[in-house]
Amino acid sequence: MTRWIAPGRINLIGEHTDYNDGFVLPFALEVGCTATLSPATEGWSVTSAQAPGEVVVQPSGLAGREQVPDWAAYVLGALWLLHDDGVEVPPMRIEVDSDVPTGAGLSSSAALVCSVVCALDDHLGLGLGPDGLLALSRRVENDAVGAPTGGMDQLASLRGEAGHVLFCDMRDLTAQSVPFAPADSGLAVLVVDTRAPHRHADGEYAARRTGCEEAARRLGVPALRDVAEADLDDALSRLDDEELERYVRHVVTEDARVLAAVEVLRGGRVEDLGPLLTASHASMRDDFRITVPEVDTAVEALLASGALGARMTGGGFGGCVIGLVPEAALDAAGDGVRRAFADAGFGDPALFTAAPAAGARALVSPDIRGN
Ligand code: GLA
């Protein structure tokens, strides 16, 4: 038996920059998905503690895959792809169990995929290594499930480190751990799960990605990461398309905010993150246009009740907001958000604090078993 856990993530700053070859600054969460693999006599069988029934399929590649519920495709994707890569994937049972809230923008899907990929690598002795684990996890989401996501979530889930954010360069896929201990400065990251239903999130995400790629093409650069902040006005003047100009402005300024956030953290000035977070939110709201009323209300309420900064985190169109809040103001901030939601007629939000936790790790592996 092989068992791995992989966490969800919060992105501190750097939204929709990953697929533009840019910078992101996520951290892994305490909550995660556990994948347990054991040998079976026939077929690949998958069960989830969060979904009824057992899904059993015959070994095949992507082309021959059988119809399965969405959640099971996130699990079986790695097996289909490995089969296509010529790896002999024997009959097995895979059980998954996750406490990452779904649909909240906390990367429950990356937790699921990464836990399975790590457990498979261990169980089959594939020796994929850090780059191979990341590549396979990304292919599961992009190629097997068909979600055009940018890789940040898998990187955070695989490589997160307790007490640190992960400064990722999404062009060369390198990640450096940067200390992030807000409690040392009397601060906390307060998470507001707005529970806003995702409205057309998949289509809107894909449209943003296509728009960014089109803008890069028109500007003659490989990706928007290649537009320097100093050249932004010049680039905008060459686009002649209001929507694409807004996208470019968001991505270029957001990359700059990530770099500024890293400087602030390296300088030990956690409280100076606040204005960067709030500016990031304004950019997502006004330029990239990926926020919804619940999210904007949560940010405003946090700022009005003592937060040093606040922003939506994740892909957008719902999900979670984070606030950098003095510990002494946590209760007031929570009350402020609940009151604002009640006044606006929104459903109750869920509130919790979050701190950086470890990335994917073995709970039961061949080493631990001693063979
Ligand atoms: C989702 C995607 C990521 C990233 C974020 C936005 O979480 O999975 O790849 O693009 O949205 O920053």
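A quick note: this is a predicted structure, and the numbers were derived from the prediction, not measured. (Residues numbered from 1 in each chain as written. Predicted model: local features only at pLDDT ≥ 70, side-chain atom pairs only at ≥ 80, totals over all residues. Heavy atoms only, no water.)

Caption draft 1: Structural context of the sheet that holds strand E3 (residues 26-39). As summarised here, the arrangement of the six strands in space is E5-E4-E6-E3-E1-E13, forming an open sheet in which the pairing is mixed. Only two strands of the sheet have a single partner each, and these edge strands are strand E5 (51-57) and strand E13 (361-364). Taken pair by pair, the neighbouring strands of this sheet meet at an average axis angle of 25°, ignoring direction. Where strand E4 (residues 44-48) and strand E6 (residues 92-98) come together, five bridges link them in parallel fashion. (Pairing = 2+ DSSP bridges. Helix = DSSP H or I, 4+ residues; strand = E, 2+ residues; numbered from the N terminus. Axes fitted to C-alpha atoms, helices over the stretch in contact; angles between N-to-C directions.)

Caption draft 2: Representation of helix H7 (residues 242-266) within the structure. With 25 residues, H7 extends 36 Å from end C-alpha to end C-alpha; this agrees with the ideal 36 Å at 1.5 Å per step. In the segment just after H7, Gly-268 is the residue with positive phi, at about 70°. (Expected span 1.5 Å × (residues − 1).)

Caption draft 3: Representation of the nonpolar core in the model. Leu-12, Leu-25, Leu-76, Val-96, Phe-180, Leu-265 and Leu-273 are the most contacted members of the largest nonpolar core, which totals 78 residues. With 11 residues, helix H1 (residues 70-84) is the largest single contributor of residues to this core. Counting the residues that make up this core, at least three belong to each of domain 1 (2-180 + 357-362) and domain 2 (182-354). In this structure Leu-265 touches Leu-12, Leu-25, Val-165, Val-178, Pro-179, Phe-180, Val-270 and Leu-273, once residues within four positions along its chain are discounted. (Core = buried A, V, L, I, M, F, W, Y, C linked by side-chain atoms within 4.5 Å. Buried < 20%, exposed > 50% of the residue type's maximum accessible area, 1.4 Å probe, protein only. Domains from an automatic or database assignment. Contact = heavy atoms within 4.5 Å.)

Caption draft 4: Main features of the pairing of strand E10 (residues 309-313). Judged by how many residues are buried, E10 sits mostly within the fold: five of five residues are covered. Note that E10 and strand E11 (residues 320-326) share five bridges and pair antiparallel. Directly across from Ala-310, in E11, lies its bridge partner Gly-323.

Caption draft 5: Highlighting the site of the ligand. Around the ligand, the structure places Arg-9, Glu-15, His-16, Asp-18, Tyr-19, Thr-149, Gly-150, Gly-151, Met-152, Asp-153, Tyr-205 and Gly-315. With respect to the ligand, the side chain of Asp-18 contributes an N or O atom lying 2.5 Å from an oxygen atom. Between the ligand and Tyr-205, the relevant distance is 2.6 Å, taken from an oxygen atom to a side-chain nitrogen or oxygen of the residue. Considering the ligand on its own, with 310 Å² of exposed area, one finds that the protein chains cover 93% of that surface. Residues of the shell around the ligand, tallied by class, amount to three nonpolar, five polar and four charged. (Near = heavy atom within 4 Å. Polar contact = N/O pair within 3.5 Å; in protein donor to acceptor, adjacent residues only side chain to side chain. Areas by Shrake-Rupley, 256 points an atom, 1.4 Å probe, with all protein chains shown as cover. Nonpolar A, V, L, I, M, F, W, Y, C, P; charged D, E, K, R; others polar.)

Caption draft 6: Quick look at the domain arrangement of the protein chain. Looking at the protein chain, the domain boundaries give domain 1 (2-180 + 357-362) and domain 2 (182-354). The gap between the C-alpha centroids of domain 1 and domain 2 is 25 Å. In this assembly, 35 residues from domain 1 lie in contact with 44 residues from domain 2. In total, about 3200 Å² of surface goes out of reach between domain 1 and domain 2, with carbon and sulfur atoms giving 67% of it. On the surface where domain 1 and domain 2 come into contact, there are three salt bridges. (Buried area = accessible area lost by both parts, 1.4 Å probe. Salt bridge = Lys/Arg side-chain N within 4 Å of Asp/Glu carboxyl O.)

Caption draft 7: A look at the sheet that holds strand E9 (residues 187-193). In space, the four strands of this open sheet follow the order E10-E11-E9-E12, with antiparallel pairing throughout. Each edge of the sheet is formed by a strand with only one pairing partner; in this case those strands are E10 and strand E12 (350-354). Each strand of the sheet is rotated relative to its neighbour by a mean of 25°, with strand direction disregarded. Lying over the sheet, helix H8 (residues 273-288) contacts E10 and E11, oriented at roughly 45° with respect to E10.

Caption draft 8: Seen up close, the packing of aromatic side chains. Evaluated as defined, the whole model comprises five aromatic pairs. An angle of 45° between the planes, with centres 6.0 Å apart, marks the rings of Phe-27 and Phe-180 as tilted. Taken together, the positions of Phe-27 in strand E3 and Phe-180 in the loop between strand E8 (174-179) and E9 put the pair 153 residues apart, joining distant regions of the chain. On the basis of relative accessible area, Phe-27 is assigned to the buried category, the value being 1%. In this arrangement the basic side chain of Arg-208 is found over the ring face of Phe-288, its NZ or CZ atom lying 5.9 Å from the centre. (Phe/Tyr/Trp six-rings, centres within 6.5 Å; stacked < 30°, edge-to-face > 60°. Lys NZ or Arg CZ within 6 Å of the ring centre and 35° of its normal.)

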